[in-house]
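Architecture at a glance
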Amino acid sequence: MNLKEEEITQQLLKELFYYNPITGVFIRRKCTANRHKLNETVGTINNQGYVVFSVGGKVRLAHRMAWIYMFGSISKETIDHINGNRDDNRI
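About the thresholds
Residues numbered from 1 in each chain as written. Predicted model: local features only at pLDDT ≥ 70, side-chain atom pairs only at ≥ 80, totals over all residues. Heavy atoms only, no water. Salt bridge = Lys/Arg side-chain N within 4 Å of Asp/Glu carboxyl O. Core = buried A, V, L, I, M, F, W, Y, C linked by side-chain atoms within 4.5 Å. Buried < 20%, exposed > 50% of the residue type's maximum accessible area, 1.4 Å probe, protein only. Helix = DSSP H or I, 4+ residues; strand = E, 2+ residues; numbered from the N terminus. Contact = heavy atoms within 4.5 Å. 1 Å grid on protein atoms, 1.4 Å probe; cavity = no way out; pocket = protein on both sides within 12 Å on 5 of 7 lines; lining within 4 Å. Points joined across faces, edges and corners; volume = space filled by probe spheres on them. Nonpolar A, V, L, I, M, F, W, Y, C, P; charged D, E, K, R; others polar. Pairing = 2+ DSSP bridges. Axes fitted to C-alpha atoms, helices over the stretch in contact; angles between N-to-C directions.

For the structure on display, the rule yields 2 salt bridges. Put simply, aspartate 88 and arginine 90 hold a salt bridge, and the shortest N to O gap is 2.6 Å.

Spelled out as structure tokens, the structure:
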């Protein structure tokens, strides 16, 4: 299931994860692979300092997934980390 970013829906994200907008953390709600564990925090920091995790068969930027989770679709504008901290995914 290799989904393009525009195919990632709010519904899909809410089926797979809990997102806490106060902490910016995603928690696994549904396991899609044997290596996954329910209720584990998801994401690692990539070499550019952004949190990433796999959704729909591809590695995704957590801040973009947070935006879709909260607002239903990705913004056509740049989604910025207003505080300059690339691993801070609080809305």
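After that view of the structure, there is still more to cover.
With 17 residues, the main nonpolar core has Ile8, Leu13, Phe17, Phe26, Phe53, Val55 and Met65 as its most contacted residues. Of all the secondary-structure elements, those providing two or more residues to this core are helix H1 (10–16), strand E1 (17–20), strand E4 (51–55) and helix H2 (62–71). In terms of residues, this core owes the most to one element, H2, which gives 5 residues. Those residues in contact with phenylalanine 17 that sit more than four places away from it in its chain are Phe26, Ile27, Arg28, Arg29, Val42, Phe53, Ser54, Val55 and Tyr69.

Our focus in this paragraph is the side chain of histidine 63. The topology assignment puts histidine 63 in helix H2. For histidine 63, a relative accessible area of 10% corresponds to the buried category. Sequence-distant contacts of histidine 63, defined by excluding residues within four places in its chain, comprise Tyr50, Ile79, His81 and Asn89.

Locating leucine 61 in the fold gives a position in strand E5 (residues 58–61). Here leucine 61 falls in the partly exposed class, since its relative accessible area comes to 27%. Separated by 23 residues in sequence, leucine 61 and glycine 84 have C-alpha atoms that sit 15 Å apart. Leucine 61 has contacts with Asn46, Tyr50, Val51 and Val52, leaving out every residue within four places of it along the chain.

To continue, consider the layout of surface pockets. Take a probe with the size of a water molecule and roll it over the atoms, and the empty space left behind shows itself. By volume, the largest pocket amounts to about 320 Å³. Lining the largest pocket we find 20 residues, and of these Arg28, Thr32, His36, Ser54 and Val55 sit closest to its centre. The element that contributes the greatest number of residues to the lining of the largest pocket is E4, accounting for 4 residues. The residue inventory of the lining of the largest pocket, partitioned by class, reads 8 nonpolar, 8 polar and 4 charged.

A few words on the sheet that holds strand E3 (residues 44–45). Reading across from one edge, E3-E4-E5 is the order of the 3 strands in this open sheet, with antiparallel pairing throughout. Edge strands, defined here as strands with exactly one partner in the open sheet, are E3 and E5. Pairing of E4 with E5 involves 4 bridges; the strand directions are antiparallel. Within E5, the position partnered with serine 54 by the bridge is valine 59. Docked against the sheet, H2 engages E4 and E5, running at close to 80° with respect to E5.

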